[in-house]
Every structure is written in C-alpha cells, then in structure tokens.
Amino acid sequence: MDPVTRVLIVDDDPLVRSGLRMMLSGAEDIEVVAEAADGTEVLPLVEAHRPDIVLMDIRMPRMDGLAATAELRRGPRPPEVLILTTFTTDGYVLEALRAGAAGYVLKHTPPAQIVAAVRNVVAGEPVLSPAAVKQLIGAVTAAGDDVGARPDERGGAERLLGRLGDREREVALAVALGRTNAEISASLYMSVPTVKAHVSHILTKLGLNNRVQIALVVYRAGLV
C-alpha cells in the first residue's frame, strides 16, 4: 500500500475546515490528522501530529498564514505548506513563496484538483493555480521583485545562478518551466534520483526553500 499523507488544515472558518476534511477524507491515501483555526496553533499541532503537509489559509485573526508558514519552515524537518486561499494579489503570492510555501491554490479550485495538489506537493512538485502564476510572473517581470537571497536587480539573480554547474542550471531552467521530476529525467537523460539530487543541491547553493523559489530566481534572471 502507498503511504498515507498526513494533513493539518488551518483555516479560521469552521465550515471551510469541515468541507476540506470531508473532501480529503474521501481519498484512501490522505488522512486529516488535525485542524487549526489560527496560525498560532500551527506549531503545537505540527509537533503533536507530525503532518506531511499543512493546508494554510492566509487571513486569520491573530497570526496570518504567511507568518505561520515562515515560522513553521524555519524549524527542523518542517512539513510542506500548501496555501489555500481566496486571495491572488501579487504581494500574497510572492510573500507566501518567500515564506517557504510549496504551492498556492484558490479555494474555488475543483475538489479533485485540490486533492491532486496535496499529492503533488508532498511528492516534491510545486503547485500554483493559473491565477497565481499570472500574478507571479507579472510581478516578477514588471516590478522586478525577488525571492530567496533577495537580489536587488536582475544581475543579482544571474550571480545566484552563477553558483550552479552547467547540469544544475539545466535542471533549474526545467524546474522554472514547470516540468516534473519525471519530465526532467526524460528530457535531460538522467535518472529521477539524479534529478532529485540536483534539485536538492540547487536549493542548498541558492539558499532557497523549494522548487517554486528556484523558478522565481530563474524568472528574475530573465531566462524564461
């Protein structure tokens, strides 16, 4: 049997939490292990239940999802975070990715796609809703915003990528194009474990949290 993915739901609306629990519980490979109504509850629940992924709302009364994500991702061996929200403004998308979120999906996304997003994020694949991608690319290309090591200009992102070897740069570009590990493996003629190793090395060398942030640096450098 495939391993069960353990999920923590964080949302201040009890109806939303109930709906997400019902939706995810219908999948045999997903288990909702806990719920939280505010970002302040996230760390204790993660320590108690050790989820693989946190479904995180943004707007909550005491600690919002962006602050909770940043706090969570600073800890040792943190779970992945998938932002699930109604908001797609440039600032929210960028700040979520800077904080270490591995995906950004809108709440009106069809249930089957939300379930798929949970599986993909846990598998190490970034997930962004089309609306979030549009906002993100627009912000990066028009405003020159930054992530990761926060380069002040395009040259800064280019210098970051200069830390990579040729093969790592090829993998980084493929990541920015949204390709999965399997697709990168096929296009670059390397095994999936080798792709995963390259991605891990890229994250370490660039000081980033996830594949989406790799894509942002590549966008910032003008390579896509």
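One can find the structure itself at the top, above this paragraph.
This report concerns the structure included in the present document. These numbers were taken from a predicted model, which means no experiment stands behind them.

**As for the sheet that holds strand β1 (residues 5–10)**
Taken in spatial order, the six strands of this open sheet run β2-β1-β3-β4-β5-β6, and their pairing is parallel. Across the chains shown, the open sheet's two edge strands, defined by having one partner strand only, are β2 (30–36) and β6 (127–128). Alignment of β1 against β2, held across six bridges, turns out to be parallel. Along β2, the bridge assignment pairs Thr5 with Ile30. Contacts from helix α1 (residues 14–25) reach β1, β2, β3 (53–56) and β4 (80–85), with the element oriented near 165° to β2. Against the sheet, helix α3 (residues 65–73) contacts β3 and β4, and its axis sits at roughly 175° relative to β4.

**Things to note about the pairing of β1**
Within β1, five of the six residues are buried, leaving the element largely enclosed by the surrounding structure. Where the polypeptide runs from β1 across α1 and back to β2, its parallel neighbour, the crossover connection is right-handed. Looking at chain direction, β1 and β3 are connected through four bridges and run parallel. Its bridge partner being in β3, Ile9 is matched across the sheet by Leu55.

**What about the pairing of strand β5 (residues 103–106)?**
Judged by which residues are buried, β5 turns out to be covered on both faces: Gly103 and Val105 on one side and Tyr104 and Leu106 on the other are all buried. In this structure, β4 lies alongside β5, joined through four bridges in parallel fashion. Residue pairing across strands places Ile83 opposite Tyr104, the latter belonging to β5. Here β5 pairs with β6 via two bridges, running parallel. Paired with Tyr104 across the bridge in β6 is Leu128. Read as a crossover between parallel neighbours, the route from β5 over helix α5 (residues 111–122) to β6 is left-handed.

Definitions and cut-offs
Residues numbered from 1 in each chain as written. Predicted model: local features only at pLDDT ≥ 70, side-chain atom pairs only at ≥ 80, totals over all residues. Heavy atoms only, no water. Pairing = 2+ DSSP bridges. Helix = DSSP H or I, 4+ residues; strand = E, 2+ residues; numbered from the N terminus. Contact = heavy atoms within 4.5 Å. Axes fitted to C-alpha atoms, helices over the stretch in contact; angles between N-to-C directions. Buried < 20%, exposed > 50% of the residue type's maximum accessible area, 1.4 Å probe, protein only. Right-handed = clockwise from strand over helix to strand, strands pointing away.

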